[in-house]
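For reference, the chains in residue letters:
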Amino acid sequence: MTTPLDKVDKTTHDEMCCTFAALILYDEGLEISSEKINKVINSSGNKVDAYWPGLFARALQGKNVGELLLGGGGAAGGSTGGAAKTEAPKADAKKDDKKEPAKKETKKVEEKPADDDVDMGGGLGLFDDF
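Criteria and thresholds
Residues numbered from 1 in each chain as written. Predicted model: local features only at pLDDT ≥ 70, side-chain atom pairs only at ≥ 80, totals over all residues. Heavy atoms only, no water. Helix = DSSP H or I, 4+ residues; strand = E, 2+ residues; numbered from the N terminus. Buried < 20%, exposed > 50% of the residue type's maximum accessible area, 1.4 Å probe, protein only. Contact = heavy atoms within 4.5 Å. Areas by Shrake-Rupley, 256 points an atom, 1.4 Å probe, with all protein chains shown as cover. Arc of directions from axis to C-beta.

A closer look at the overall build of the protein chain
Next, step 1: Secondary structure summary: the protein chain contains five helices and zero strands in total.
Next, step 2: Considering the protein chain as a whole, with its 130 residues, one finds that 23% of them fall into the buried category.
Next, step 3: Counted over contacts in the protein chain with a minimum sequence separation of 6, partners at least 24 positions apart contribute 57%.
Next, step 4: For the protein chain, the exposed surface amounts to about 10900 Å²; the carbon and sulfur share of it is 51%.

Given below as structure tokens:
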């Protein structure tokens, strides 16, 4: 986000405040509840509509925020787990009986190094009191 938090529309402001507050709570290993989200937001000097903190707390309830951050928690996209695989017809069943069992394919996932130089926009005022 390149636009300062005080320059965005009210809905975006409230969503971003709740998002940052939830991430702060997660990072500190604290429970993500509407009360704690409110406390972080109020400590930052921001105000959001009353329904936002509860909405975010309920959306994250029982979720592994770490997995969500890594992209593993969404319902959309991703792999089908091989359910849609198709096989070519076998030309000769007798020849296939003599073959070795098929080897399972493994995917190698590349880990990207953490980028310690991420621009957080000066903390957007959320970290001034911490």
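So much for the structure itself; the text now carries on.
Brief notes about helix α2 (residues 34–43)
Next, step 1: Residues I37, V40 and I41 constitute the buried set of α2. Angular distribution of buried residues about the axis of α2 spans 100°; they occupy a single face of the element. Exposed residues lying more than 90 degrees from the buried face of α2 are E35 and K39.
Next, step 2: The secondary structure elements touched by the buried residues of α2 are α1 (10–27) and α3 (51–60).
Next, step 3: Just downstream of α2, G45 is the residue with a positive phi angle, here 85°.

Geometry only, nothing functional implied.
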